[in-house]
Amino acid sequence: MSVLLVGEGREYLVAHGETLETDLGVLEVPEDAAPGETLETHLGTEFDVRALRGPDLFEHFERTGAPMMPRDIGLIVGHTGIAAGDRVLDVGTGTGVLAGYLGRVGASVVTYEQREDFADVARENMALAGVEDAVDVRTGDATETLGELDDDAPFDVLTLDTADASELVGHAPDLLADGGFVAVYSPFVESSKEVVKTARDVGLSEIETLETIQREMDFDDRGSRPSTAGVGHTGYLTFARLV
Ligand SMILES: C[S@@+](CC[C@H](N)C(=O)[O-])C[C@H]1O[C@@H](n2cnc3c(N)ncnc32)[C@H](O)[C@@H]1O
């Protein structure tokens, strides 16, 4: 498990028992460091100890690729109802932000990452988030190890964030519990179209694709309006259900 150290306008995610070494000094985080405490580096700089929360995973996990953004994760949880006790199959793990969030929600997650080096980083990230018991990071190509999953199925939800997601959607009826959902993140509309086609072909229901757009509001002395900094597009989320 780890804590956030916040001070001097900076934030660091540090595991209990680890040492933070920066230009502000050296600070060993005690095994029992708890939120609300203040710790000091050997140069006297103070850091507040703060508990880790979901958005901190996105900010502070070591990254191996583009992690899913909190707004997309929010939609996945909202549309599939992932809750404590659910069994989730997640492909691919990547940085593990989605898997870490789901572990924190209380779901039991099996997640596949085809690259061994990425899977190693994801395991370390799960330990930092304190969800290493809830999130089983497996190394391997999920489409080639489907046989292994027979022992783990049925899952309540499949979360897919890979280029070959539509292939896995084809196996959703064998992997999902009755009433379970599949949620697919696609960076391009062409891939979501493929996912929708496969979902229809295998008889899934309640199929919908949503574009994630989030507009931040700017408030200043002149008035209030959506930020002109960008359209806030992330990607496409396709949901389907086995009923
Ligand atoms: C965009 S990242 C996933 C990010 C992740 N959802 C997160 O929140 O951090 C996609 C990952 O899937 C892995 N991947 C792609 N196809 C896969 C497959 N068939 N089986 C397992 N992993 C796969 C890639 O190596 C990559 O690390």
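Refer to the structure presented above.
Scoring rules and cut-offs
Residues numbered from 1 in each chain as written. Predicted model: local features only at pLDDT ≥ 70, side-chain atom pairs only at ≥ 80, totals over all residues. Heavy atoms only, no water. Buried < 20%, exposed > 50% of the residue type's maximum accessible area, 1.4 Å probe, protein only. Helix = DSSP H or I, 4+ residues; strand = E, 2+ residues; numbered from the N terminus. Pairing = 2+ DSSP bridges. Right-handed = clockwise from strand over helix to strand, strands pointing away. Contact = heavy atoms within 4.5 Å. Axes fitted to C-alpha atoms, helices over the stretch in contact; angles between N-to-C directions. Lys, Arg positive; Asp, Glu negative; His and termini not counted. Salt bridge = Lys/Arg side-chain N within 4 Å of Asp/Glu carboxyl O. Polar contact = N/O pair within 3.5 Å; in protein donor to acceptor, adjacent residues only side chain to side chain. Near = heavy atom within 4 Å. Areas by Shrake-Rupley, 256 points an atom, 1.4 Å probe, with all protein chains shown as cover. Nonpolar A, V, L, I, M, F, W, Y, C, P; charged D, E, K, R; others polar.

1. Let's talk about the pairing of strand β7 (residues 87-91)
Phase 1 of the analysis: In terms of burial, β7 is a largely internal element, four of the five residues being buried.
Phase 2 of the analysis: As paired elements, β7 and strand β8 (residues 108-113) share five bridges and run parallel to each other. The partner of Asp90 across the bridge, within β8, is Thr111.
Phase 3 of the analysis: A crossover connection joins β7 to the parallel β8 through helix α3 (residues 97-105); in handedness this β-α-β unit is right-handed.

2. A look at the environment of Tyr112
Phase 1 of the analysis: Within the fold, Tyr112 resides in strand β8.
Phase 2 of the analysis: For the pair formed by Tyr112 and Leu237, sequence separation is 125 residues and the distance between their alpha carbons is 19 Å.
Phase 3 of the analysis: Aside from chain neighbours lying at most four places away, what touches Tyr112 is Leu89, Asp90, Val91, Gly92, Thr93, Arg138, Gly140, Ala142, Thr145, Glu148 and Leu149.

3. Things to note about unusual backbone geometry
Phase 1 of the analysis: Cis geometry is adopted by the peptide bond preceding Gly92, which originates at Val91 and carries an omega value of -15°.
Phase 2 of the analysis: If you trace the backbone, Gly92 turns up in the loop between β7 and α3.
Phase 3 of the analysis: Omega for the bond connecting Ala153 with Pro154 falls within 30 degrees of zero, at 5°, which places this linkage in the cis form.
Phase 4 of the analysis: For Pro154, the location among the structural elements is in the loop between α5 (146-149) and β10 (155-160).
Phase 5 of the analysis: Backbone geometry at Glu8 places phi at a positive 55°, although glycine is not the residue there.
Phase 6 of the analysis: With respect to the element layout, Glu8 can be found in the loop between β1 (2-7) and β2 (10-15).
Phase 7 of the analysis: A residue is classified by how much of its surface remains accessible, and Glu8, at 59% relative accessible area, is exposed.
Phase 8 of the analysis: At Glu206, a position not held by glycine, the phi torsion is positive, near 50°.
Phase 9 of the analysis: The class of Glu206 is partly exposed, set by a relative accessible area of 45%.

4. Observations concerning the sheet that holds β2
Phase 1 of the analysis: Across the sheet, four strands lie side by side as β2-β1-β6-β5; this open sheet has antiparallel pairing. A strand with exactly one partner marks an edge of an open sheet, and here the two such strands are β2 and β5 (38-40). Strand-to-strand twist in this sheet, taken as the mean axis angle between neighbours without regard to direction, amounts to 35°.
Phase 2 of the analysis: Pairing of β1 with β2 involves six bridges; the strand directions are antiparallel. Opposite Leu4, over in β2, you have Leu13 as the bridge partner.

5. A closer look at the side chain of Arg71
Phase 1 of the analysis: Along the chain, Arg71 turns up in helix α2 (residues 70-80).
Phase 2 of the analysis: Of the buried charged residues, Arg71 lacks a salt bridge, with Asp72 as the closest side chain of opposite charge at 4.8 Å.
Phase 3 of the analysis: Within the structure, the side chain of Arg71 is placed 2.8 Å from the backbone oxygen of Gly232, a separation counted as a polar contact.
Phase 4 of the analysis: Once residues within four sequence positions are removed from consideration, Arg71 is found in contact with Thr212, Gln214, Gly232, His233 and Thr234.

6. Let's talk about the site of the ligand
Phase 1 of the analysis: Taken together, 21 residues sit near the ligand, with Glu113, Asp141, Ala142, Asp161 and Asp164 positioned nearest.
Phase 2 of the analysis: Contact distances for the ligand include 3.4 Å between an oxygen atom and a backbone N or O atom of Thr95.
Phase 3 of the analysis: For the ligand, the protein covers 87% of the area, taking 610 Å² as the surface of the free molecule.
Phase 4 of the analysis: Every element with two or more residues in the shell around the ligand is listed here: α3 and β8.
Phase 5 of the analysis: Taken together, the residues that form the shell around the ligand break down as nine nonpolar, eight polar and four charged.

Honestly, it's all geometry; don't read function into it.
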